[in-house]
Amino acid sequence: MSMQALKSVAREEAETAEESPRQVRLAPAPAAALPPMSLGRLVAREGARWRVRIGAAEHLLQVDPAVDPALLEEALASGARVIVDASDETPLIAGLLTTQRALHVDRQGAVNARVRSFSVTADEKALLRVPGAFLQVTATEVELYADRVITRAREVAKVLATLIKLN
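What you see is a predicted model, and the numbers here were worked out from it, not measured in a lab.

### A closer look at the sheet that holds strand E1 (residues 37-46)
Reasoning step 1: If you walk around this closed barrel you meet the 5 strands as E1-E2-E3-E5-E4, and the pairing is mixed. Looking at each pair of strands side by side, their axes are set apart by 55° on average, direction ignored.
Reasoning step 2: Where E1 and strand E2 (residues 49-54) come together, 5 bridges link them in antiparallel fashion. Its bridge partner being in E2, Arg45 is matched across the sheet by Trp50.

### Regarding a nonpolar patch on the surface
Reasoning step 1: Among the surface-exposed residues, Leu128, Leu135, Val137, Val142, Leu144 and Val149 lie close enough to one another that they form a single nonpolar patch of about 540 Å² accessible area.
Reasoning step 2: For the nonpolar patch, the secondary structure elements donating two or more residues are strand E7 (133-137) and strand E8 (142-145).
Reasoning step 3: One can find Val137 in strand E7.
Reasoning step 4: Its relative accessible area of 33% is what places Val137 among the partly exposed residues.

### Looking at the pairing of E8
Reasoning step 1: When E7 meets E8, the two strands line up antiparallel, connected through 4 bridges. Across the sheet, Leu135 pairs through a bridge with Leu144, a residue of E8.
Reasoning step 2: The hairpin formed by E7 and E8 contains 4 residues between the paired strands.

### Concerning the confidence of the model for the protein chain
Reasoning step 1: Confidence along the protein chain averages 81 in pLDDT terms, with 81% of residues attaining 70 or more.
Reasoning step 2: When the elements of the protein chain are averaged for pLDDT, helix H2 (residues 21-25) gives the smallest value, 40, and E7 the largest, 97.
Reasoning step 3: Scored below 50 in pLDDT, residues 1-11 shows 2 contacts in the model against residues more than four places distant or in partner chains.
Reasoning step 4: Every residue in residues 19-32 scores below 50 in pLDDT, and together they form 7 contacts with partners more than four places removed in sequence or on other chains.

### Regarding the environment of Thr99
Reasoning step 1: Within the secondary structure, Thr99 sits in the loop between strand E5 (92-96) and strand E6 (126-130).
Reasoning step 2: The exposure class assigned to Thr99 is exposed, which follows from its relative accessible area of 65%.
Reasoning step 3: As a C-alpha pair, Thr99 and Arg81 span 18 residues in sequence and 8.8 Å in three-dimensional space.

### Focus: the nonpolar core
Reasoning step 1: Leu42, Trp50, Val52, Leu72, Val82, Val84 and Ile93 are the most contacted members of the largest nonpolar core, which has 14 residues in total.
Reasoning step 2: When residues of this core are traced back to their parent elements, those giving at least two are E2, helix H3 (69-78) and strand E4 (81-85).
Reasoning step 3: The dominant element in this core, judged by the number of residues it contributes, is E2, at 3 residues.
Reasoning step 4: Setting aside anything within four residues of it in sequence, one finds Val52 in contact with Gly40, Arg41, Leu42, Val43, Ala57, Glu58, His59, Leu61, Val82, Val84 and Ile93.

### A closer look at the layout of surface pockets
Reasoning step 1: Estimates place the volume of the largest pocket at around 470 Å³.
Reasoning step 2: Lining the largest pocket we find 14 residues, and of these Leu71, Glu74, Leu96, Thr98 and Gln100 sit closest to its centre.
Reasoning step 3: It is H3 that contributes the most residues to the lining of the largest pocket, 5 residues altogether.
Reasoning step 4: For the lining of the largest pocket, a count of residues per class yields 7 nonpolar, 4 polar and 3 charged.
Reasoning step 5: Considered as a void within the structure, the second largest pocket measures approximately 220 Å³ in volume.
Reasoning step 6: If you go around the second largest pocket, the residues you meet are Ala161, Leu163, Ile164, Lys165, Leu166 and Asn167.
Reasoning step 7: Here the lining of the second largest pocket is composed, by residue class, of 4 nonpolar, 1 polar and 1 charged.

Conventions and cut-offs
- Residues numbered from 1 in each chain as written.
- Predicted model: local features only at pLDDT ≥ 70, side-chain atom pairs only at ≥ 80, totals over all residues.
- Heavy atoms only, no water.
- Pairing = 2+ DSSP bridges.
- Helix = DSSP H or I, 4+ residues; strand = E, 2+ residues; numbered from the N terminus.
- Axes fitted to C-alpha atoms, helices over the stretch in contact; angles between N-to-C directions.
- Patch = residues over 30% accessible without salt bridge, like charges linked within 9 Å, V, L, I, M, F, W, Y side chains within 5 Å.
- Areas by Shrake-Rupley, 256 points an atom, 1.4 Å probe, with all protein chains shown as cover.
- Salt bridge = Lys/Arg side-chain N within 4 Å of Asp/Glu carboxyl O.
- Buried < 20%, exposed > 50% of the residue type's maximum accessible area, 1.4 Å probe, protein only.
- pLDDT = per-residue confidence, 0-100.
- Contact = heavy atoms within 4.5 Å.
- Core = buried A, V, L, I, M, F, W, Y, C linked by side-chain atoms within 4.5 Å.
- 1 Å grid on protein atoms, 1.4 Å probe; cavity = no way out; pocket = protein on both sides within 12 Å on 5 of 7 lines; lining within 4 Å.
- Points joined across faces, edges and corners; volume = space filled by probe spheres on them.
- Nonpolar A, V, L, I, M, F, W, Y, C, P; charged D, E, K, R; others polar.

Laid out in structure tokens, this is it:
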């Protein structure tokens, strides 16, 4: 088909849509034209949306409901990259690109980790529980419950107290 014939077909199709041929060919691209998947960095939170820098441009995007909001706050503080899904009409922040190891929970629910240090800070209480026993720590108490409480020390065991009450 010749170039003239192609132009004629394009003009006829445009006229049937009640638009001039020039308007059909020069239709503007969406303002947030992004590839289907891209990486970006969070710049700031603006209400329920986040300002994300992708390349040199910034976009104001919503977050997929499956994404934990605390992860986004951590990504903003650390500079971790977010994954943007623009495959639909409305681009969304679909998740984060992890750059550090995380504790892994296997399919049976077990977590095995070897770490140099382990620290937990709780605002109200910390509870470690297994069937039949628990250790609970609050601001003023440490409660230990079990059928047997065993304390072992190779050298010395010290108990410092102002009052010892045994039930």
